[in-house]
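Read off the chains here:
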Amino acid sequence: MSHDPLHPPLSEFALTTEETDAIKHALALHDSWKLEQVGMEPVRDTLKALRNRIKYFHLMRQKNLCCYCRSNLYGGGLFTIDREHIVPKSHCKPLTYEISNLSVACKRCNMEIKKNKTSLFHNPATIKDTHQDKDSYKIIHPNFEVYEDFISRTQLQEGTSVLVKFNKRKEDAKTEFTYEFFKLRELECNSFDAAQGLPQSTSTQTAIESSLVSIAQGDSIPLDTFISLIRQAATSESDDDQKNSSGINTLPKDEMNKFITAALELYAKSVNEQYTPIGHDRTLSLPAPRAQESDE
Ligand SMILES: [Zn+2]
């Protein structure tokens, strides 16, 4: 079994005799997870309580974050908590109640993206026997690996606008696969459109501008200049951007990502420098290109 780096450790999760018997009973039924079905009655209450126990155990291990996209499972509003089967129960029924095969995920990652897919295993045919080996998975394993060793999610919120950026910490296949499989880039872009009821480009600009105003620190470029640069970028022509119904160009994706990065780097910088609220005369500096990271 792969090393368990999280807390509380999986080894601390013990089943009672009653729970073990209830699981056995459930596994003999057609659907071992569905509580509302004929035949489940004698163990329904036991399993209901067990599943709550499983949920809170894994919420502790994941620090209340989705095990795949790191959204906050309590703060996301639209996100509700799913108990997530890493190897789908439809693919391997005996793992339905296996604690190391369970975690917590948001509805988007679990229901909209992952579903019952088996393409995230190197060998779906043998996963039943190798499910406790992290190297059997193309994704970052929620229980056997620390997500932040591969990808870190940064979030900046200004009013109702939320900026999200995923920083890849490793150049390896798992990092890339997880980023692509769970469409994390899409989350970065969508986060700009959080302001409700506004045309896309307007909310995008508002998000960038209001965030930058609140995080501005430094002294090399006047704030007004920087904001006008961003405004230009948000309305500039590009090959692939599309005009929305109001005739305003939406921000091209690569420009958008560039500004998310810039905004978040400024934010991080301002936090390090003990951020103080700014007035209109304050200026900010663009972040220097990131230096090549050295191997440590
Ligand atoms: Zn998620």
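Before reading on, note that the structure itself is shown above.
Calculation notes
- Residues numbered from 1 in each chain as written.
- Predicted model: local features only at pLDDT ≥ 70, side-chain atom pairs only at ≥ 80, totals over all residues.
- Heavy atoms only, no water.
- Helix = DSSP H or I, 4+ residues; strand = E, 2+ residues; numbered from the N terminus.
- Donors = N, O, S within 2.8 Å, 3.2 Å for Na, K, Ca; no water.
- Buried < 20%, exposed > 50% of the residue type's maximum accessible area, 1.4 Å probe, protein only.
- Core = buried A, V, L, I, M, F, W, Y, C linked by side-chain atoms within 4.5 Å.
- Domains from an automatic or database assignment.
- Contact = heavy atoms within 4.5 Å.
- Salt bridge = Lys/Arg side-chain N within 4 Å of Asp/Glu carboxyl O.

Caption draft 1: Spotlight on unusual backbone geometry. Following histidine 7, the chain continues into proline 8 via a peptide bond in cis, with omega recorded as -5 degrees. Tracing the backbone through its elements, the reader meets proline 8 in the segment before α1 (17-27). Positive phi, normally seen in glycine, also occurs at arginine 70, with a value near 70 degrees. Turning to its location among the elements, arginine 70 is positioned in the loop between α2 (44-61) and β1 (81-85). In this structure, lysine 115 is a non-glycine residue whose phi angle is positive, near 45 degrees. Note that lysine 115 resides in the loop between α3 (107-114) and α4 (127-130).

Caption draft 2: Inspection of the coordination of the zinc ion at higher detail. All of the protein donors around the zinc ion are Cys66 (SG), Cys69 (SG), Cys106 (SG) and Cys109 (SG); their distances to the metal are 2.3 Å. Counting the intervening residues between successive donors of the zinc ion yields the motif C-x2-C-x36-C-x2-C. Here cysteine 106 lies in strand β2 (residues 102-106) and cysteine 69 lies in the loop between α2 and β1, a separation of 37 residues in the sequence. The burial state of cysteine 69 is the same as that of cysteine 106; both residues are buried.

Caption draft 3: A look at the nonpolar core. Cys66, Tyr68, Ile151, Phe166, Phe182 and Leu184 are the most contacted members of the largest nonpolar core, which totals 32 residues. Two domains share this core, each providing at least three of its residues, namely domain 1 (10-143) and domain 2 (150-284). Beyond its immediate sequence surroundings of up to four residues, leucine 184 is in contact with Tyr68, Cys69, Arg108, Tyr147, Ile151, Phe166, Thr178 and Tyr179. Residues Ala22, Ile23, Met40 and Ile99 belong to the second largest nonpolar core, which totals 18 residues.

Caption draft 4: Main features of the pairing of β2. Of all the five residues making up β2, five are buried; the element is thus mostly covered by neighbouring parts of the structure. Of the two faces of β2, the one lined by Leu102, Val104 and Cys106 and the one lined by Ser103 and Ala105 are each fully buried.

Caption draft 5: View of the pattern of salt bridges. Applying the stated criterion across every chain, the model contains 11 salt bridges. The salt bridge involving glutamate 36 is made with arginine 44; its shortest N-O contact spans 3.9 Å. Taking relative accessible area as the criterion, glutamate 36 reaches 57% and is therefore assigned exposed.

From the geometry alone we can't say anything about function, so treat these as descriptive.
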